[in-house]
Structures are given as C-alpha cells and as structure tokens.
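# What the coordinates show
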Amino acid sequence: MKLGIVGLPNVGKSTLFNAITNAGAQAENYPFCTIEPNTGVVLVPDERLAVLADMYHPKKVTHTTIEFVDIAGLVKGASKGEGLGNKFLSHIREVDAIVHVVRCFEDSNIIHVDGSVDPGRDIDTINLELIFSDMETLQRRKEKAEKNFRGGDKKAGAEAELANKLYEYLEKGKPARTFAANNEEKEMIKSWFLLTTKPVIYAANISEDDIGKEEKDIPFLEDVRKIAEAENAEIIIISAAIEEDIAQMKPEEKKEFLDEMGIGQSGLDRLIYACYKLLGLISFLTVGEDECRAWTIQQGTKAPQAAGKIHTDFEKGFIRAEVVPYDVLVENGSMTACKEKGLVRSEGKEYVMKDGDITLFRFNV
C-alpha cells in the first residue's frame, strides 16, 4: 500500500513525513523544498503479533508494511505546469490513497504561501488542480470514444456519454469519487485512472498547544470536517510537531508521553488505521516457531487468493485453509488445544478471510 502525502507548501507535510518514517526528509521553511518525492516504509502496528510472539517465541516477527511518499508542495496552476505541477500530478497517479495535510494553526514564523491560514481555500486549491487535470483526461477520452463510435464501435458511445457527464460534474468543482455511478460505469471510470477518484484522508495539522482540547475549541478544524463529510472522506487530527518528537522516543518513553498528553495512540497509528478503513484492508496472521507474521489483504478476499499472498504455489495448489480466530487461539493457549476442542475450522476455496484469522494453508503442487 502506497500513500501520498500532499498539501500546499509549508503546511507540515515534510515534518509529518519525517515523524512517521524517521527518514530525515528536508523540512525547511520555504516552498518546493521537497522536489523529488521522498519515500519511507514503516511497520503497520499490530499488538496481536507481540502476543503471538510471547506464545511461540519465533525466530522472527514480521509486520506488514505501508509506504509513505512525501510529494512536493503544490500551488495554483499546477495542472498547467506552474511550480512543480507536472511532477506533483504524476507522483499522485502512482499512490493508492492521498493523505492531504491541511494547516490548522497560526504561526508568524512559518510563511503561508497564500499569506494567511484558510483550510477551506487551501483544500480547494489542491482539489481544483486535480479536477482540472482530470477534466483534460476526460476531454481526451471523450474525443477518442466519439471517434471510435463514428467508426462503428457501439460501446464507445456509452464511454463518450459517461465521460461527458463526468466532465460536467467536475466542472462544478466536485471530485470524481463523489460521482454517482452504477457498477458498470464505476469499472469504466476506474480504467481512466483519474486523480480525484483516489480515496482521501484529510490530516488536520494542529498546534502543539491545541493537543487535548475539545474539537470545537481547535481553530479551523470544523472547516476541514465539513469538507471531509461532504466528500465522504476520512479526517484525522494530528500535530506534526508532536509526532516528530514522538518519533525520537524509545517505546516506553513514547507510551508514557502519550498517556500524559491524553492522546492514547500516536498520529501514525491513527493514520494507518484510518488508511486501512478507507481502503478496505484487513490482516490475517500466520504463526510458528520460525515466524509470526501479518499479511495485508483486501476485505472480501477468498482463502486461495490470501494464500497467494504468501506464495503463488499456495494459491495454485490450494487444498484447504485451517483457520482459528486470533481471540480463540489466545484464549486456549495453543493451536493444539484449539484442535483438541474442535475450534480449528477447515475452510475451502469459497471461504472469505476475516481480520485476525490465524491460518495454515494446505496445498499440493
């Protein structure tokens, strides 16, 4: 899973990226500091693995990972090549979802590219540039489809009509992800690789001083929440500056600090959980003396395809999956105890995997 961190210059993108990847990307106080996208891979937190490691004492414990890409700041006119516009747009095409960092704090020492803090305006700036880019894509699609339709391709007529309808929708300043479409139309739109179809999480970057306050008392936050709700997008509240401090702490210091601040979880953890929810992802687990490991799959994945995540031979020669829920395994202490009590299920090719399934795949190649 690859997530692109975007936002106007100086909203806290690179500071957040540094915090969550500890990769040391530049975070200077001027636009376009990040030119080539910095990439960092982080472990997906999963407390279940620690519990399983205590049970099995494996040679290694392997978390699943998530990739963050810090994409250069964008300005008005990016869709026409202003600033680093073309690079910005091409990098967004490569990610699965967008983490849109929005500045929700005042600080006279940090220059805002537009001279003042206004989350609604900032969000519109980026959304409109993505929309303009998609409109160009749709115009080309429509012209090609109309040409093919005149050449006798009847299906191209439906494509041209849909492209035209979606173009008119985008003209109203609305992203393609909120466009009402049937399943057939959704598949067609998916094939166009539009930027505004990508799912979005708005990361409201607040001041350190606002941590722990009621949401109604945090400046600008309500503006971001209203926009997110209108788009059916996710929103998380984060302080990039605090996250940068947390990233330098040892695990025990981190826990103590989070408890003192009343945060509970770090912003990284909340961001990853929000991404999983947004993209419809779950994890199944494999256990043993050699390794305890988490594997990420899409909700709705059937057992053979989940087995293929481990190795293609597992999917090709799939016979069955032996499955026990994580909570059941922990409660009974071992896989042997679960088998003796008849708690381990034997599932076939049509079984839909569930989050936390402890799974052993049987296969024959």
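Only a predicted model underlies this, so the values are computations on that prediction, with no experimental measurement involved. Counting restarts for each chain, with residues numbered from 1 along the sequence as it is written. In keeping with the predicted nature of the model, local features appear solely for residues at pLDDT of at least 70, side-chain atom pairs appear and are counted solely at 80 or more, and the whole-chain, interface and lining totals rest on all residues. Note that the side-chain values use all heavy atoms of the structure and ignore hydrogens as well as water.

Right, let's get into the overall build of the protein chain. Counting from the N terminus, the helices are DSSP H or I runs at least four residues long and the strands are E runs at least two residues long. Check the secondary structure of the protein chain and you find 14 helices and twelve strands. Residue pairs in contact within the protein chain that sit at least 24 positions apart in sequence constitute 69% of those at least 6 positions apart. When the accessible area of the protein chain is evaluated, it comes to approximately 18,500 Å², of which 47% is carbon and sulfur surface. Throughout, a contact is declared for two residues whenever any of their heavy atoms are within 4.5 Å. The protein chains shown are the only cover counted for residues, whose accessible areas, like all others here, come from Shrake-Rupley with a 1.4 Å probe.

A separate point is a negative patch on the surface. Patches draw on residues past 30% relative accessible area with no salt bridge. Two like charges within 9 Å are joined, as are two nonpolar side chains (Val, Leu, Ile, Met, Phe, Trp, Tyr) within 5 Å. By definition, a salt bridge exists where a carboxyl oxygen of Asp or Glu is found within 4 Å of a side-chain nitrogen of Lys or Arg. Counted charges follow a simple rule, with Lys and Arg positive, Asp and Glu negative, and His plus the chain ends left uncounted. Taken as the charge location is NZ of Lys, CZ of Arg, CG of Asp or CD of Glu. On the surface, Asp 118, Asp 124, Glu 222, Asp 223 and Glu 229 cluster together into a patch of negative charge. Looking at the negative patch element by element, the count peaks at three residues for helix α7 (residues 221-230). Its location among the elements puts Asp 223 in helix α7. We classify Asp 223 as partly exposed; its relative accessible area is 37%. Only protein chains enter the accessibility calculation, which uses a 1.4 Å probe; a residue whose area is less than 20% of its type maximum is buried, one above 50% is exposed, and one in between is partly exposed.

It is worth spelling out the side chain of Asp 46 at this point. Following the sequence through the fold, Asp 46 ends up in the loop between β2 (38-43) and α2 (47-56). Overall, the relative accessible area of 13% leaves Asp 46 in the buried class.

This part takes up the confidence of the model for the protein chain. Each residue carries a pLDDT score, the predictor's confidence in it, ranging from 0 to 100. Here the protein chain averages 86 in pLDDT, and 89% of its residues register 70 or above. Residue range residues 23-35 is modelled with pLDDT below 50. Its contacts to residues more than four positions away, or to other chains, number 36 contacts.

For the rest of this paragraph, the subject is the sheet that holds strand β6 (residues 200-206). Note: two strands are recorded as paired if DSSP finds a minimum of 2 bridges between them. Pairing within the open sheet is mixed, and its six strands lie in the order β2-β4-β1-β5-β6-β7. Strands with a single pairing partner mark the edges of an open sheet, and in this sheet they are β2 and β7 (234-238). Direction aside, neighbouring strands of the sheet carry axes that sit 25° apart on average. In the sheet, β6 pairs with β7 via five bridges, with the strands oriented parallel. By the bridge assignment for β7, Ile 201 is matched with Glu 234. With axes taken as lines fitted to C-alpha atoms, and helix axes fitted only over the stretch in contact, angles between N-to-C directions fall between 0 and 180 degrees. Strands β1 (2-6), β2, β4 (65-70), β5 (97-104), β6 and β7 of the sheet are contacted by helix α10 (residues 267-279), whose axis makes an angle of about 175° with β7.

Looking now at the nonpolar core. What we call a nonpolar core is a set of buried Ala, Val, Leu, Ile, Met, Phe, Trp, Tyr and Cys residues that are connected through their side-chain atoms within 4.5 Å. Counting 51 residues, the largest nonpolar core has Leu 3, Ile 66, Phe 68, Tyr 202, Leu 271 and Ile 272 as its most contacted members. The element contributing the most residues to this core is α10, with seven residues.

Looking now at the side chain of Glu 322. With respect to the helices and strands, Glu 322 occurs in strand β10 (residues 318-325). What makes Glu 322 buried here is its relative accessible area of 12%. Here a polar contact is recorded for every N or O atom pair within 3.5 Å, except that within protein the pair must consist of a potential hydrogen donor and a potential acceptor, and residues adjacent in sequence are included only if both atoms are side-chain atoms. There is a polar contact of 3.3 Å between the side chain of Glu 322 and the side chain of Arg 320. The residues contacting Glu 322, other than those within four sequence positions of it, are Lys 339, Val 344, Arg 345, Ile 358, Thr 359, Leu 360 and Arg 362.

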